[in-house]
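Observations on the three-dimensional arrangement
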Amino acid sequence: MQHIEYGASPALPPANGYSHVASVPPGSRIVWTSGQVPLTADGAPAPAGDWEAQTRLAMQNVGTALEAAGATWDDVFKLTIYVVDTSALPVVRAVRDEFVNVERPPTSSLVQVAGLFRPDILIEVEAVAAVPA
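Residues numbered from 1 in each chain as written. Predicted model: local features only at pLDDT ≥ 70, side-chain atom pairs only at ≥ 80, totals over all residues. Heavy atoms only, no water.

Under the convention used in this document: UniProt positions are given in the numbering used here, feature names are shortened, and annotations may be inferred rather than shown by experiment.
The name given to the protein chain in an unreviewed UniProt entry is RidA family protein, and the organism recorded there is Planomonospora alba. According to the UniProt record, the Sequence similarities (unreviewed entry) comment for the protein chain is "Belongs to the RutC family."

**Topic: helix 1 (residues 51–68)**
The cut-off we apply is this: Each helix corresponds to a stretch of at least 4 residues labelled H or I by DSSP, and each strand to a stretch of at least 2 residues labelled E; elements are numbered beginning at the N terminus. Helix span, as expected, comes to 1.5 Å for every residue beyond the first. The contact definition used throughout considers only heavy atoms, calling two residues in contact when any of these lie within 4.5 Å. Within 3.5 Å is the distance limit for a polar contact, defined as a pair of N or O atoms, with the added protein rule that one can donate a hydrogen and the other accept it, and that residues adjacent in sequence qualify only through two side-chain atoms.
Look at helix 1: 26 Å from first C-alpha to last across 18 residues, which is about the 26 Å you get at 1.5 Å a residue. As for helix 1, its buried residues are in contact with strand 3 (28–32), strand 4 (76–83), helix 2 (89–99) and strand 6 (123–132). The residue sitting at the N-terminus of helix 1 and contributing the capping side-chain oxygen is Asp50; that oxygen lies 3.2 Å from the backbone nitrogen of Glu52. Just past helix 1, the residue Gly70 takes up positive phi, approximately 80 degrees.

**With respect to the nonpolar core**
To keep things clear, this is the line we draw: Residues grouped as a nonpolar core are buried Ala, Val, Leu, Ile, Met, Phe, Trp, Tyr and Cys residues, joined through side-chain atoms within 4.5 Å. Partly exposed residues are those whose accessible area sits between 20% and 50% of the maximum for their type, while under 20% is buried and over 50% is exposed, using a 1.4 Å probe and protein chains only.
Among the nonpolar cores identified, the biggest contains 23 residues, and Trp51, Leu66, Trp73, Leu79, Ile81, Ile123 and Val125 are the most heavily contacted of them. For this core, the secondary structure elements donating two or more residues are helix 1, strand 4, helix 2 and strand 6. Dropping the residues within four chain positions of it, Ile81 is found in contact with Val92, Ser109, Leu110, Val111, Ile123, Glu124 and Val125.

**Observations regarding the pairing of strand 6**
The condition is simple: Pairing between strands is defined by DSSP: at least two bridges between them are needed.
For strand 6, a buried count of eight out of ten residues is recorded, marking the element as mostly surrounded by other parts of the structure. Relative to strand 6, strand 3 is paired through five bridges, and the arrangement is antiparallel. Paired with Ile30 across the strands is Ala130, a residue of strand 6. Examined bridge by bridge, strand 4 and strand 6 share seven bridges and lie antiparallel to one another. Pairing of Thr80 across the sheet is with Glu126, part of strand 6.

**Examining empty space enclosed by the protein**
Put simply, the rule is: We place a 1 Å grid over just the protein atoms. Points where a 1.4 Å probe fits but has no way out form a cavity, open points with protein on both sides within 12 Å along at least 5 of 7 lines form a pocket, and any residue with an atom within 4 Å of a point lines it. Grid points are joined across faces, edges and corners, and a volume is the space filled by probe spheres set on the points. When residue character is reported, Ala, Val, Leu, Ile, Met, Phe, Trp, Tyr, Cys and Pro are called nonpolar, Asp, Glu, Lys and Arg charged, and the others, Gly included, polar.
A complete count under the given rule lists one cavity of 30 Å³ or more for this structure. What lines the largest cavity is simply Tyr6, Trp73, Asp74, Val76, Val100, Asn101, Arg104 and Pro106. In the lining of the largest cavity, the residues fall into five nonpolar, one polar and two charged.

**Observations regarding the packing of aromatic side chains**
In this description, a pair of aromatic rings is defined by centroid distance and the angle of the planes. In plain terms, the rule: Pairing of aromatic side chains requires ring centres within 6.5 Å, counting the rings of Phe and Tyr and the six-membered ring of Trp. Pairs whose planes differ by under 30 degrees are stacked, by over 60 edge-to-face, and all others tilted.
Inspection of every chain in the model, using the stated rule, returns one aromatic pair. With a centroid separation of 5.7 Å and 55 degrees between ring planes, the pair formed by Trp73 and Phe99 is classed as tilted. Highlighted residues: Trp73 in the loop between helix 1 and strand 4 and Phe99 in helix 2, separated in sequence by 26 residues. A single burial state applies to Trp73 and to Phe99, both of which are buried.

This is the structure in structure tokens:
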């Protein structure tokens, strides 16, 4: 979204696929998603152990949640990704880049957790977006 301003400071290390800071102008409507996991609407999981499939389905679910609130991936300014293992980070980043604007990437946090709500779930993704009010 063009109304969100992204930036970086030369005093911070280079960002790899994310922005260091995002500013949302007054009057914007903020949209939060719950953490989305790689389950279809009927509860079927993406294949166990398949980082690419699980990441893609979790990101698709975030997109569906955003749409329910009148937002899109272009409106996302903050992304939080929870993973059970960081060894698949290149795969997670590559799939993430299919959804976010890589020219104006959202701010981002990636957190390794001991586990998610089911042992076959590898990733959970949540987003914060801003749309003009």
